[in-house]
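Coordinate analysis (summary)
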Amino acid sequence: MLKQRLIPLFALCALATGCGSGSYTSTDHGRITSHDGLVALHADSGPEATIDQAGALSIDGKPVAVDDHQRELLRRYYANATAVHQHGIETGKAGAAMAGEALKGVAEAVKGDENSVDRRVEAQTQKITDQVMKICDDLAGIKAAQDELTASLPAFKPYSTIMDDKSVTDCRNDSKSERKD
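Below is a short write-up of the structure. (Residues numbered from 1 in each chain as written. Predicted model: local features only at pLDDT ≥ 70, side-chain atom pairs only at ≥ 80, totals over all residues. Heavy atoms only, no water.)

Topic: the pattern of salt bridges
This is how it is decided: Salt bridge, as used here: a side-chain nitrogen of Lys or Arg that lies within 4 Å of a carboxyl oxygen of Asp or Glu. Strands here mean DSSP runs of E at least two residues long; helices mean DSSP runs of H or I at least four residues long; both are numbered from the N terminus. Relative accessibility under 20% of the residue-type maximum defines a buried residue, over 50% an exposed one, and the middle range a partly exposed one, all with a 1.4 Å probe and only protein chains included.
Counted according to the given criterion, the structure contains seven salt bridges. Note that R75 and E72 form a salt bridge whose closest N and O atoms lie 3.0 Å from each other. One end of the pair, R75, and the other, E72, are both in helix α2 (residues 68-110), three residues apart, so they sit about a helical turn from each other. For E72, a relative accessible area of 38% puts it in the partly exposed group. In this structure, the salt-bridge partner of E148 is R76, at a minimum N-O distance of 2.9 Å. Here the residue E148 occupies a position in helix α3 (residues 115-152), and R76 occupies one in helix α2, the gap between them amounting to 72 residues. The class of R76 is partly exposed, set by a relative accessible area of 32%. Among the charged side chains, a network of salt bridges with common partners joins K143, D147 and D165.

Below, the structure written as structure tokens:
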């Protein structure tokens, strides 16, 4: 039981270390990236598009005219895409805290109180789940903005399938199954 708990914890420590460095974030298998103050969209059929914090959209390096409603949707898309990075860092920190609690409990387990490790780890598990759910919320926000943009902005259509319902559903389902394990 102790070994089963410690291996994933060390993996989380490695993840936490990696999350904190740099400002590059990749979502949905690299089809949405965030770096240098821009969110870049990589569609299967279309050139790269970028969105900045102000809601300006460029496709293949050329600015696209948008109305106020579309600009607000682009801002929401940007905010959710960049929030994935911050929430990923927070998830990594929660994982590192869980690993720290497990390591503290190892000494107690050596003394014969293996339940101490379980108690310490379980206390931190909810914090990780809460952070992961924030990422799921971010993905749902990206999907909602994407759908509204697709309906109102013809130039956005090539990017309409980057985030699908399955990605959002899988995020939530995977988080729920992790809690049960």
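Describing the side chain of Q146
The test is simple: Any N or O atom pair separated by 3.5 Å or less is treated as a polar contact, with the protein-specific requirement of one donor-capable and one acceptor-capable atom, and with residues adjacent in sequence counted only for side-chain atom pairs. Between two residues, a contact is recorded if the distance between any of their heavy atoms is within 4.5 Å.
In this structure, Q146 sits in helix α3. Q146 sits in the buried class, given a relative accessible area of 0%. A polar contact of 2.7 Å, which involves the side chain of Q146, links it to the backbone oxygen of S160. Excluding its chain neighbours within four sequence positions, the residues that come into contact with Q146 are Y77, F156, Y159, S160, T161, I162 and M163.

Overview of the packing of aromatic side chains
Cut-off, in case you're wondering: In this analysis, rings of Phe, Tyr and Trp, with Trp reduced to its six-membered ring, are considered paired at centre separations within 6.5 Å, and the interplanar angle assigns stacked below 30 degrees, edge-to-face beyond 60, and tilted for intermediate values.
Scanning the entire structure with this criterion turns up two aromatic pairs. On the basis of an interplanar angle of 75° and a centroid distance of 6.0 Å, the ring pair of Y77 and F156 is categorised as edge-to-face. Residue Y77 is located in helix α2, and its partner F156 is located in the loop between α3 and α4 (165-180); the two are separated by 79 residues in the primary sequence. Comparing Y77 with F156 shows no difference in burial state: the two are buried. Centroid distance F156 to Y159: 5.7 Å. Interplanar angle 55°. Geometry classified as tilted. Each member of the pair, F156 as well as Y159, carries the same accessibility label: buried. Cluster of aromatic residues (ring-pair linked, three or more members): Y77, F156 and Y159.

Considering the environment of D60
In this fold, D60 is placed in the loop between β5 (57-59) and β6 (62-64). Along the chain, D60 and G46 lie 14 residues apart, while their C-alpha atoms are 8.6 Å from each other. If we ignore the near neighbours within four places in the chain, the residues touching D60 are P47 and E48.

Observations concerning the state of the cysteines
Here a disulfide denotes a covalent bond joining the sulfur atom of one cysteine to the sulfur atom of another. Put simply, the rule reads: What counts as a disulfide here is a pair of cysteine sulfur atoms lying within 2.5 Å.
Summed over the entire model, instances satisfying the criterion amount to one disulfide. Two residues, C136 and C171, share a disulfide whose sulfurs are 1.9 Å apart. The chirality of the disulfide connecting C136 with C171 is left-handed, given an S-S dihedral of about -85°. With C136 in helix α3 and C171 in helix α4, the pair connects residues that are 35 residues apart, well separated along the chain. For the pair shown, C136 and C171 are each scored as buried.

Any link to function would need more than the numbers given here.
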